[in-house]
Amino acid sequence: MIQFQYVKPSKSKAAIDTVAKDQSAVFIAGGTNLVDLMKRGVMNPEKLVDINKLPLRKIERENGNVRIGALALNGAVAEDKLVLEKHPLLAQALNAGASAQLRNMATVGGNMMQRVRCPYFYDTAMPCNKREPGTGCGALEGYNRMHAIFGHSDKCIAVNPSDMNVALVALDAVVLVSGPKGDRKIPFAEFHRLPGDTPQIHTNLQQGELIMAVDVPENPYTKNVNYLKVRDRNSYAFALVSVAAALDLDGSTIKSARLAMGGVAHKPWRLNEAEQFLAGKPATEATFLQAAQIAMRGAKAFEHNKFKLTLGPNTIVQALKNASGVA
Amino acid sequence: MKDYFFQDTIGKPMDRVDGRLKVTGAAKYSAEYELPNMAHAVLVGSTIAKGSIKSLDTKRAENAPGVLAVLHYQNAPKVPGYAQAAHPTEPKPVGQPLQLFIDNQINFNDHPIAVVVADTLERAMYAAKLVKAQYNEEKHATDFNKNTAKAFLPTAAKRNPKHPLGDYVRGKEDAYKTEPLKIESEYVIPTEFHNPMELQSIIAHWEAADKLTVYDKTQAVMGTQNAFAKDWKIPVENVKVIATFVGGAFGNGLHTWPHETAAIMAAKKVNRPVKLMLTREQMFTMVGYRPHAWQKVGMSATKDGKITAITHEAIGQTSSYEEFTESTLQQTRMMYTSPNVTTRYRILPLDVSTPIWMRGPGEATGAFALESALDEMAFVLGMDPLEFRLINHTDKDPEKNLPWSTKYLKEAMQMGAERIGWSKRQLKPGMVKNGEWLVGYGMGVGTFGANRGRAKVKATLHKDGTLVMQSATTDIGPGTGTAMVQIAAQNLGLPPEKIVFELGSSLYPPSPSQGGSATVATVGSAVHAACQALKQRLTSMVAGNADTSFKGATVENLTFKDGYVSMTASPSARLSFADILKQQNLPELEVTEESTPDASLRQKYSMYSYSVHFAEVQVHPLTGQIKVTNMVSCADAGTIINAKTAGNQMIGGAVGGIGMALTEGAVMDHRFGRYVTKDLAEYHVPVHADAPNISSLFVNKPDLINNPNGTKGIGEIAIIGVAPAIANAVFNATGKRIRELPITPDKLI
Ligand SMILES: Cc1cc2nc3c(=O)[nH]c(=O)nc-3n(C[C@H](O)[C@H](O)[C@H](O)COP(=O)(O)OP(=O)(O)OC[C@H]3O[C@@H](n4cnc5c(N)ncnc54)[C@H](O)[C@@H]3O)c2cc1C
Ligand code: SF4
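Quick notes on the rules
- Residues numbered from 1 in each chain as written.
- Chains lettered and ligands numbered in written order.
- Predicted model: local features only at pLDDT ≥ 70, side-chain atom pairs only at ≥ 80, totals over all residues.
- Heavy atoms only, no water.
- Helix = DSSP H or I, 4+ residues; strand = E, 2+ residues; numbered from the N terminus.
- Rg over C-alpha atoms; globule rule 2.2 N^0.38 Å.
- Buried < 20%, exposed > 50% of the residue type's maximum accessible area, 1.4 Å probe, protein only.
- Near = heavy atom within 4 Å.
- Polar contact = N/O pair within 3.5 Å; in protein donor to acceptor, adjacent residues only side chain to side chain.
- Areas by Shrake-Rupley, 256 points an atom, 1.4 Å probe, with all protein chains shown as cover.
- Nonpolar A, V, L, I, M, F, W, Y, C, P; charged D, E, K, R; others polar.
- Domains from an automatic or database assignment.
- Contact = heavy atoms within 4.5 Å.
- Buried area = accessible area lost by both parts, 1.4 Å probe.
- Salt bridge = Lys/Arg side-chain N within 4 Å of Asp/Glu carboxyl O.
- Patch = residues over 30% accessible without salt bridge, like charges linked within 9 Å, V, L, I, M, F, W, Y side chains within 5 Å.
- UniProt positions renumbered as here; feature names shortened; annotations may be inferred.
- Phe/Tyr/Trp six-rings, centres within 6.5 Å; stacked < 30°, edge-to-face > 60°.
- Axes fitted to C-alpha atoms, helices over the stretch in contact; angles between N-to-C directions.
- Left-handed = near helix turned anticlockwise from the far one by under 90°.

Here we look at the overall build of chain B
Then, in step 1: Summing up its helical and strand segments, chain B has 19 helices and 31 strands in all.
Then, in step 2: Taken against the 2.2 N^0.38 rule, which gives 27 Å for 749 residues, the C-alpha radius of gyration of chain B at 27 Å falls within 12% of a compact globule.
Then, in step 3: Across its three principal directions, the C-alpha atoms of chain B cover 85 × 75 × 55 Å.
Then, in step 4: Burial status across chain B gives 63% buried among its 749 residues.

A short note on the site of ligand 1
Then, in step 1: Not every one of the 35 residues close to ligand 1 is listed here, only the nearest: F27(A), G31(A), T32(A), T107(A) and D163(A).
Then, in step 2: Residues lining ligand 1 come from chains A and B.
Then, in step 3: With respect to ligand 1, the side chain of D163(A) contributes an N or O atom lying 2.7 Å from a nitrogen atom.
Then, in step 4: Bound to the protein, ligand 1 loses 96% of the 970 Å² it would expose on its own.
Then, in step 5: Those elements giving two or more residues to the shell around ligand 1 turn out to be strand 2 (25-28), helix 2 (34-39), helix 7 (108-113) and strand 8 (210-217) of chain A.
Then, in step 6: A per-element tally of the shell around ligand 1 places helix 7 of chain A first, with four residues.
Then, in step 7: Residues of the shell around ligand 1, tallied by class, amount to 18 nonpolar, twelve polar and five charged.
Then, in step 8: Looking at the shell around ligand 1, you find at least three residues from each of domain 1 (5-52) and domain 2 (224-324) of chain A.

A word on the interface of chain A and chain B
A common measure of how large an interface is: the accessible area buried when the components associate.
Then, in step 1: Between chain A and chain B, the residue contacts involve 37 residues of the former and 38 residues of the latter.
Then, in step 2: Between chain A and chain B, roughly 3,100 Å² of surface is buried when both sides are summed, and carbon and sulfur atoms account for 59% of that area.
Then, in step 3: When the buried area of chain A at its contact with chain B is split by residue, M1(A), R233(A) and N234(A) rank highest and sum to 22% of it.
Then, in step 4: Across the chain A-chain B interface, the total number found is six salt bridges.
Then, in step 5: In this structure, K678(B) and D123(A) form a salt bridge, with 2.6 Å as the shortest nitrogen-oxygen distance.
Then, in step 6: Ranked by residue count, the leading element in the side of chain A that touches chain B is helix 12 (residues 308-324) of chain A, at seven residues.
Then, in step 7: Tallied by class, the residues present in the side of chain A that touches chain B amount to 17 nonpolar, nine polar and eleven charged.

A short note on the domain arrangement of chain A
Then, in step 1: Considered domain by domain, chain A is made up of domain 1 (5-52) and domain 2 (224-324).
Then, in step 2: A C-alpha centroid distance of 36 Å is found between domain 1 of chain A and domain 2 of chain A.

Some points on a nonpolar patch on the surface
Then, in step 1: Together, I2(A), F4(A) and Y6(A) line one region of the surface with nonpolar side chains, adding up to about 280 Å² of accessible area.
Then, in step 2: Looking at F4(A), the relative accessible area reads 38%, which means it is partly exposed.

Considering the UniProt feature "domain: FAD-binding PCMH-type" (unreviewed entry) in chain A
Then, in step 1: Within this structure's numbering, the places UniProt gives as "domain: FAD-binding PCMH-type" (unreviewed entry) are residues 1-221 of chain A.
Then, in step 2: Secondary structure across residues 1-221 of chain A divides into 26% helix and 18% strand, with the first and last C-alpha atoms of the span separated by 51 Å.

Some remarks on the packing of aromatic side chains
Residues and elements named next belong to chain B.
Then, in step 1: All chains considered together, the criterion is met by 20 aromatic pairs over all chains.
Then, in step 2: An angle of 70° between the planes, with centres 5.5 Å apart, marks the rings of F284 and Y683 as edge-to-face. On the criterion of sequence distance, the pair formed by F284 in the loop between strand 12 (274-277) and strand 13 (293-301) and Y683 in the loop between strand 30 (674-675) and strand 31 (693-698) is long-range, its members being 399 residues apart.
Then, in step 3: When its relative accessible area of 0% is taken as the criterion, Y683 is described as buried.

Observations regarding the site of ligand 2
Then, in step 1: Close to ligand 2 lie 15 residues; C118(A), C128(A), C137(A), C156(A) and I157(A) are nearest.
Then, in step 2: Looking at side-chain class alone, the shell around ligand 2 contains ten nonpolar, three polar and two charged residues.

Some details on the packing of helix 11 (residues 363-381) of chain B against helix 19 (residues 722-734) of chain B
Residues and elements named next belong to chain B.
Then, in step 1: Running from N to C, helix 11 and helix 19 point in directions that differ by 30°, and their axes come no closer than 8 Å. In the packing of helix 11 onto helix 19, the handedness of the crossing is right-handed. For the pair helix 11 and helix 19, contact is made by A367, F368, E371, S372, D375 and F379 and by A723, P724, A727, N728 and F731, respectively.
Then, in step 2: For the contact of helix 11 with helix 19, the residue count by class is seven nonpolar, two polar and two charged.

Quick notes on the domain arrangement of chain B
Residue and element names in this part refer to chain B.
Then, in step 1: Domain assignment breaks chain B into domain 1 (33-139 + 197-248 + 253-284), domain 2 (150-191 + 290-451 + 604-748) and domain 3 (453-596).
Then, in step 2: Spacing between the C-alpha centres of domain 2 and domain 3 amounts to 39 Å.
Then, in step 3: Contacts between the two partners involve 16 residues from domain 2, matched on the other side by 16 residues from domain 3.
Then, in step 4: Between domain 2 and domain 3, a total of about 1,200 Å² is buried, with carbon and sulfur atoms accounting for 53% of that surface.
Then, in step 5: Area buried by domain 2 at its contact with domain 3 is led by N451, I641 and N709, which between them contribute 42% of it.
Then, in step 6: In this assembly, domain 2 and domain 3 are joined by seven residue pairs in polar contact (both at pLDDT 80 or more).
Then, in step 7: Elements with a contribution of two residues or more to the side of domain 2 that touches domain 3: strand 19 (437-449) and helix 18 (643-663).
Then, in step 8: Here the side of domain 2 that touches domain 3 is composed, by residue class, of four nonpolar, eleven polar and one charged.

Dropping the structure here:
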């Protein structure tokens, strides 16, 4: 039997201390990602610190933010009144993820932390720099249809698989973290990393740091929003490409825009330049096309994912059309 | 005649007799049995595709807590029957199923190299991870496209050119090539996996040194019994096979597989019952699949739509150690009037495990190419594809030159066209829109032999008036027990509540495996015969009664209804079945009847089931997203015994076809010869969101030449022709002809 210890503290300090002290300890929330990885032998923690007793499930208004507890369930957040009112983009993104069963187990913190879905990462008989640094990247010259077109390195070309993260990065969320050295706030765009030379390091969270909540600042993007996910089947599949689009419209003029993509990079991919381009422009298909072109600058595809160079901009255009109501 | 088939029980959408057991979890599947002192086994597979084991380190596994044994080629109990399996007298071996642990050879990636047995599943799983192998690796060939030159004519056809797998020429060979109006296209389907919900599992229990009981997920109770008896050289009756419930199989339970032998070996070695259940990943290497296939169709037609020639070639993948073949090209030979037809079938051995029939085997693959090509030809002619098919409809079998036993395909086409609203379809693609979405309509036809085999049923009428029937068939989901109860209810005149049909045990009278859409025709005929025999016995009993009211009774002048026998002419003379037994002082009345199809009828008639599928799809022009928005599947499948379960089959087949068309396909990394999509997150079986409203319609006319109940099979035709219907609809929506499945969004942008 694979032996591991299991503890379920009721104070976050105890949870943090346990994981901070022990390199082989990890937090477990919904378990929908971690348990799979343990079964496949990809992650072999010796201690599981179950955080489900911690009071981190609340969704509330706090200082001009919607504050979502790290243990709030994906399904619950997607149906929450406050979220639907203030951040419908987030609700749409959550509902596009996984399946109803998974959303009812998966937590916001766990979703942020979910590992890549690269098949080489999952199969311990295959090479993978992320799982076993130095073994090579199996996907680079292998099957890379689902892989990155932005921000990859020759060490790793995997993508962050989350839908929620795409909306959160677009909405300028801030991650509230508590660790052995105290509390800190991490802007969402800085929470995830690019693989560089150290693909084994997944996020910028340090050992022992616990996600307590995520703050989503109130903003004008309550109406003209769209999360558009293109996938191989109509539910229960990861994105080929997804786009989170949010517009603040004044009549048919775009006052400001938020735009991010999923399924294209090792982190949720915010499209700042395209956003800047959109600001002040008329909400027309021609504008959207130009924005999409700007967004795709610097994209580089591999053998099986060249389609993303077309699907990416097309999905951006369509998401912006959906968000704006421009036919 | 008509009345007999359309009243009473036959055809009623009766609830499944085992429905309650299934939805409450009371139904027991093979892995759910708990035997005293049972141990657990986990199979370990190779991580290379070809070569041999250099060294095997099992020490750590053997020393792990709870481990009872680690078996491999150096220490596994010998399977005495293996030696027999080779055919030294035959000129060339056609290959044989994988023999477990006979040597250190590796034939495919995940080839079983060891089985770990422990007292608990968790301990066995852990120890399995500790088994390490070193290999002498050899260069493997797994890439179909790079190896097509190695494809060959199946040995069976080489030996006998008349074999159905052999090359076929009607009229002039490749006649389309010199015709002015023609098309020529290549089609590819990827490897597809059955992926039933229930994982393959077995509990093996040696009750004595020569007595084996298995609780096994199988479609073939007798086949499994025979295989194991032969392997272990024990009398057939010493092998007991239990498969009371099977949680879907789609064909992968038609053979015995290495994991079953592993469990039996393990049970022998540790002298305890052993349970072995495959993991989902192992379902991709251990129990077969629908083989990757390349096809090419050339077709020509006259301007007014008469097909003048078809050439259909196919290459299907098989393993290096076994020749797997299927009838991919059969539909092309017999479906359309074409005077010139050429078919050529080849197989391509690769360093992979052996395929196995998967729902609509062969024909579903072939129909994708043929029915797509028909659509392409109709488009070239500027003709409606339904009209094109009607023009080329044939009233007799052009291959065998025989009349059909029955064929109501035209009726099915009319029903379906009407229901889907075929008249909305435009000849030119991209003309119908729903907002931004492009709407398209497509159709595809399917056929499968209306097979029937030999089966035996034991029927026991008890003194309380209930009937218990038994036969060693299985039910992998279609509702076999329910259908048999309805056939018996109809034929014996007994309410269905009073009838039980027991299956899934080798202790019952023999039945063939549940495959080839033949169960209702095969076992249903034996049920029919058993009911006739019971009626005969009851008739002689009442006719001989002291009470003379049944004087001169014959089966024909009696009415059997609601568990009573009465004289049709004077219904006041009436006796219940129970009372008849009581009068005779009989605790029960038992008959065992075998039903065998009349072989001479197969010389006189050609027998097929038919389906036609209509699909409406919507495609987003920018994102390539595809939605099937409506489907109508119609079948000419003879008498429909149960409208509900038959409809379930059609809907299930249609969903399977949606998977084939749009979502399913396994991907292998050929550098390693190893699959990279081997779980249900990465291998996409369709989900609810992919399935639209699906209407299933039946012609429901009996085929009494085939069997006394008038049935023809449904299971296969439910999927055959669905994939091309959808691909053709995608073309009609977008003008894009996707000839390589699955049609994913990236192919449409
Ligand atoms: C079949 C399948 C399909 C899926 N499809 C999608 C999809 O389409 N889109 C999508 O977005 N997601 C998808 N998912 C992923 C799913 O969203 C994640 O599994 C889920 O969000 C993880 O949450 P969890 O609470 O179960 O995390 P766990 O499995 O419990 O944990 C995951 C990781 O997060 C860490 N962690 C958890 N909570 C905290 C915390 N508070 N602080 C610090 N670290 C923490 C754990 O240590 C662990 O390393 C799918 C998953 C499956 C299994
Ligand atoms: S892409 Fe990253 S996760 Fe995938 S094989 Fe390469 S290193 Fe591993």
